[in-house]
Amino acid sequence: MDIATSTDIMIISGNSHLELANLVSRRLGVKPARCAVSYTTNRETSVQISDSVRGKDIYIIQTGSKDVNNNIMELLIMAYACKTSSAKSIVGVIPYLPYSKQCKMRKRGSIVSKLLAKMLCSSGLTHVITMDLHQKEIQGFFECPVDNLRASPFLLQYIQECIPDYRNAVIVARNPGSAKKATSYAERLRLGIAVIHGEQKESDSDMVDGRNSPPPSTSRSRTMDVGVGVPQHPAKEKPPINVVGDVGGRIAIMVDDMVDDVASFVAAAEVLKERGAYKIYVLATHGLLSSDAPRLIESSPIDEVVVTNTIPHEIQKMQCHKIKTVDISILLSEAIRRIHNKESMSYLFKNVTLED
């Protein structure tokens, strides 16, 4: 079925990434619906959809950008407005799912990504399309189907076409936790792998959760019995930062799912430079590039930071010439087309492993 001539599909966009929404709409040949998202004087979000959504398949394109909480409220209100206006189905196209890093219990906090998933489903979403979740298990938080697309084919293509002499490269895992992703890239490119160990910044698995009760034992008995209690868990002490693998005279390519606080990437790049890497690239799906990331990247040994356009970062690109963008709108538009035509999505996951 040609979506361009279909009358039962409608694309709605929030304010988070209008450029991406327009790219997807043009590829599908569908004109975006008239939807006004505004704010009242006390910063409440107001949504007004001018076109009828009754009995139609609605696709809401909204990502998580700098103004993340407003982005979420816009999405929730747009979905609920479509639900109460008798839309047939409501699909949330969320290239970067906010709060995806808060998917584990920390101290006496909460698993915020599960809360967000429940809110999205309660607002009326019947399906979710996203890209490269921070942890793929987040799909289990949703009560509706979730398609977790992969950006790795686009980044692999960039490596092969835009990095000169990439055959002399080595794929680098910034920490042991990202070794699976790095291994997947290395196997597809037939390249070697290196792992940075002893990173200064704590990874997710090393963070202390704060739950230290019951208190540690003070008994000096050489034999532990039932009355002694639970022994104290020894604290982790990371060794000095080190590179496992040879990067001397090679191109170092660090891969990750997102680039937010770039301080750890800069520290890793400095170590790789000391070990003899003559060019350093950073590739990631989501380029949050928070705070003073452009300035840090500009003054670092990193030669290029390559991210997709799941998140708008035009301002950061003007501040730093090293930031490059890969367009993934064709993947989102193909996913929408296949879902609308009730076609299989397996083609979009062909030859893509869970570690990507």
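You'll find the structure just up there.
Given the structure is predicted, the values throughout are model-derived calculations rather than measurements.

*Asks:* Any chance you could break down the pairing of strand β14 (residues 323–326) for me, citing the residues and the numbers?
*Replies:* The pairing of strand β13 (residues 304–308) with β14 spans four bridges and is parallel. Opposite Val307, over in β14, you have Thr325 as the bridge partner. As for the winding sense of the linkage, the β-α-β connection from β13 through helix α8 (residues 314–319) to β14 is right-handed.

*Asks:* Explain the side chain of Asp57 residue by residue, including any values.
*Replies:* Looking at the secondary structure, you find Asp57 in strand β4 (residues 57–61). Buried Asp57, no salt bridge; nearest opposite-charge side chain is Lys88, N-O distance 4.6 Å. Here Ser89 takes part through its side chain, which lies 2.7 Å from a polar atom of the side chain of Asp57. Within the structure, Asp57 has its side chain in polar contact with the side chain of His340 (distance 3.3 Å).

*Asks:* For the sheet that holds β14, give the residues involved together with the corresponding values.
*Replies:* An order of β10-β9-β8-β11-β12-β13-β14 is seen for the seven strands of this open sheet, with the pairing classed as mixed. In this open sheet, the two edge strands, each paired with only one partner strand, are β10 (242–244) and β14. With strand direction ignored, the average angle separating the axes of adjacent strands in the sheet is 30 degrees. Bridge count between strand β8 (residues 169–173) and strand β9 (residues 192–197): four bridges; the pairing is parallel. Looking across to β9, one finds that Val172 is bridged to Ala194. The strands touched by helix α6 (residues 263–274) are β8, β9, β10, β11 (251–259) and β12 (279–287); relative to β11, the strand with the most contacts, the crossing angle is about 170 degrees.

*Asks:* Give me the lowdown on the environment of Val306, citing residues and values where you can.
*Replies:* The topology assignment puts Val306 in strand β13. Excluding its chain neighbours within four sequence positions, the residues that come into contact with Val306 are Leu155, Tyr158, Val282, Leu283, Ala284, Lys324 and Val326.

*Asks:* So what's going on with the pattern of salt bridges? Which residues, and what values?
*Replies:* Here the structure, examined in full by the defined rule, presents 10 salt bridges. The salt bridge partner of Asp51 is Arg34, with a shortest N-O separation of 2.7 Å. Here the residue Asp51 occupies a position in the loop between β3 (45–49) and β4, and Arg34 occupies one in the loop between α1 (18–28) and β2 (35–39), the gap between them amounting to 17 residues. Exposure remark for Arg34: the relative accessible area of 54% places this residue in the exposed category. Linking Glu143 and Lys118 is a salt bridge whose minimum nitrogen-to-oxygen distance equals 3.5 Å. Residue Glu143 is located in the loop between β6 (127–131) and β7 (146–149), and its partner Lys118 is located in helix α3 (residues 112–123); the two are separated by 25 residues in the primary sequence. The class for Glu143 is exposed, based on a relative accessible area of 65%. For Lys118, a relative accessible area of 38% puts it in the partly exposed group.

*Asks:* Lay out α6 in plain terms, naming residues and giving numbers.
*Replies:* The end-to-end C-alpha distance of α6 is 17 Å, a good match for the 16 Å that 12 residues give at a rise of 1.5 Å each. Where α6 is concerned, the buried positions are Ser264, Phe265, Val266, Ala268, Ala269, Val271 and Leu272. Those residues of α6 hidden inside the fold are in contact with β8, β9, β10, β11, β12 and α7 (293–298). Residue Gly276 follows α6 closely and has a positive phi angle near 105 degrees.

Cut-off values and rules
- Residues numbered from 1 in each chain as written.
- Predicted model: local features only at pLDDT ≥ 70, side-chain atom pairs only at ≥ 80, totals over all residues.
- Heavy atoms only, no water.
- Pairing = 2+ DSSP bridges.
- Helix = DSSP H or I, 4+ residues; strand = E, 2+ residues; numbered from the N terminus.
- Right-handed = clockwise from strand over helix to strand, strands pointing away.
- Buried < 20%, exposed > 50% of the residue type's maximum accessible area, 1.4 Å probe, protein only.
- Lys, Arg positive; Asp, Glu negative; His and termini not counted.
- Salt bridge = Lys/Arg side-chain N within 4 Å of Asp/Glu carboxyl O.
- Polar contact = N/O pair within 3.5 Å; in protein donor to acceptor, adjacent residues only side chain to side chain.
- Axes fitted to C-alpha atoms, helices over the stretch in contact; angles between N-to-C directions.
- Contact = heavy atoms within 4.5 Å.
- Expected span 1.5 Å × (residues − 1).

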